[in-house]
Amino acid sequence: MKNKNCGDCKDSKQGKAFIDSETGLLCVEILEKYEKPKGKKTLVPFICTTCGTVNWKCIDPDEKEC
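Residues numbered from 1 in each chain as written. Predicted model: local features only at pLDDT ≥ 70, side-chain atom pairs only at ≥ 80, totals over all residues. Heavy atoms only, no water.

Draft legend 1. Region of interest: the pairing of strand β2 (residues 26–30). Where strand β1 (residues 12–19) lies against β2, five bridges are found, and the strand directions are antiparallel. The residue bridging A17 from the neighbouring strand is V28, located in β2. In this structure, the hairpin formed by β1 and β2 is closed by a connection of six residues, where G24 is found at a positive phi of approximately 75 degrees. (Pairing = 2+ DSSP bridges. Helix = DSSP H or I, 4+ residues; strand = E, 2+ residues; numbered from the N terminus.)

Here is the structure:
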């Protein structure tokens with residue numbers, strides 16, 4: 001949920017999504033440097049460090065955003 005004290009999530013950091021092995025839930029963590037598949041578009045979470053809101057963006061390794 002978006003925090004009232006957060007402006008527009010300007011302080012978002014790139015993360016990585018994974019399935020938690022214990023709960024089976026989809027989770028995200030802040031992890032800006034990791035290998036993405038080459039030649040394929042990847043759905044990447046961006047997590048606000050102020051309020052925790054997660055926004056998803058499509059990243060193409062040949063471009064910045066798609």
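Now that the structure is up, let's keep going.
Draft legend 2. The pairing of β1, seen in detail. Pairing geometry for β1 and strand β3 (residues 42–48), over three bridges, is antiparallel. Of the residues in β3, the one forming a bridge with S12 is C48.

Draft legend 3. Here's a closer look at the sheet that holds β1. Spatially, four strands are ordered β2-β1-β3-β4 in an open sheet, and the strand pairing comes out antiparallel. Here the strands that pair on one side only, and so sit at the sheet edges, are β2 and β4 (54–59). Taking each pair of neighbouring strands and ignoring which way they run, the sheet shows an average axis angle of 40 degrees. (Axes fitted to C-alpha atoms, helices over the stretch in contact; angles between N-to-C directions.)

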